[in-house]
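Structure at a glance
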Amino acid sequence: MALSQSIHQSSLRSHSPHSFDVAEAVQRGELVLSLSTMLGCDYIFVSHKGIHELLESQRLATTIRELLDILETSPHQSMVVSADEAANGELAFTRYDYKWENRQVSQVIATRVTHADQADFMRMMFDCSTTC
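Here goes a summary of the coordinates provided. This structure is a prediction, so every number in the text was calculated from the model and none was measured. (Residues numbered from 1 in each chain as written. Predicted model: local features only at pLDDT ≥ 70, side-chain atom pairs only at ≥ 80, totals over all residues. Heavy atoms only, no water.)

Turning to the overall build of the chain, a few remarks are in order. From N to C terminus, the chain includes 4 helices and 6 strands. Its helices and strands taken in sequence order, the chain reads α-α-β-β-α-β-β-β-α-β from the N to the C terminus. Taking all 132 residues of the chain together, 43% fall into the buried category. Taking all contacts inside the chain whose residues are at least 6 apart in sequence as the whole, residues at least 24 apart take part in 55%. Of the roughly 7600 Å² of accessible surface on the chain, a fraction of 49% belongs to carbon and sulfur atoms. (Helix = DSSP H or I, 4+ residues; strand = E, 2+ residues; numbered from the N terminus. Buried < 20%, exposed > 50% of the residue type's maximum accessible area, 1.4 Å probe, protein only. Contact = heavy atoms within 4.5 Å. Areas by Shrake-Rupley, 256 points an atom, 1.4 Å probe, with all protein chains shown as cover.)

The structure is reproduced here in structure tokens:
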């Protein structure tokens with residue numbers, strides 16, 4: 001489903017417990033979502049410049065749930081990664097590991113990708129991703 005159609009449908013779900021702040025941030029151009037698949041895992045990239053409130057620790061579980069809903073991806077086969085672009089154009093990746101319990105995201109752990117091999121892999125996956 002196209003993101004704009006998905007965002008529109010998401011905003012019409014008044015019965016949904018989710019606010020869909022992610023969809024609004026995408027529409028405003030604050031966040032760019034892209035997707036890359038490898039070996040049955042969907043790598044969901046959230047690109048942004050600088051710190052974004054939707055990726056702060058107290059908000060991560062809701063943000064990840066919204067991403068999964070918007071992109072209609074499996075919580076068991078998805079990995080969420082932020083791609084923070086610094087002023088010099090360099091990308092810093094952060095992986096968000098989470099548990100999926102009772103149809104909700106819980107226990108989110110943010111891990112900055114610092115090892116060179118892992119960073120290269122994330123960069124390759126990011127470069128191969130398709131904007132949603």
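On to the sheet that holds strand β3 (residues 78-85), then. Taken in spatial order, the 6 strands line up as β5-β4-β3-β2-β1-β6 in an open sheet, and their pairing is mixed. Looking along the sheet, the strands with just one partner apiece sit at the ends: β5 (104-112) and β6 (130-131). Sheet topology places strand β2 (residues 41-49) next to β3; 8 bridges connect them, and they run parallel. Note that in β3 the partner of D42 across the bridge is S78. Set on the sheet, helix α4 (residues 116-127) makes contact with β1 (32-38), β2, β3 and β4 (91-101); between it and β2 the angle comes to about 90 degrees. (Pairing = 2+ DSSP bridges. Axes fitted to C-alpha atoms, helices over the stretch in contact; angles between N-to-C directions.)

This next bit is on helix α3 (residues 60-71). Its 12 residues give α3 an end-to-end C-alpha distance of 16 Å, which sits within 8% of 16 Å, the value for a rise of 1.5 Å per residue. Across the 12 residues that make up α3, a large majority, 10, are buried. Taken as a whole, α3 has its buried residues at L60, T63, I64, R65, E66, L67, L68, D69, I70 and L71. Where α3 terminates, the next one or two residues include E72, which has phi positive at roughly 50 degrees. (Expected span 1.5 Å × (residues − 1).)

Even without a glycine there, the phi angle at N102 is positive, about 50 degrees. In this structure, N102 sits in the loop between β4 and β5. Looking at N102, the relative accessible area reads 76%, which means it is exposed. Here the phi dihedral of Q107 falls at roughly 45 degrees; this positive angle occurs in a residue that is not glycine. If you trace the backbone, Q107 turns up in strand β5.

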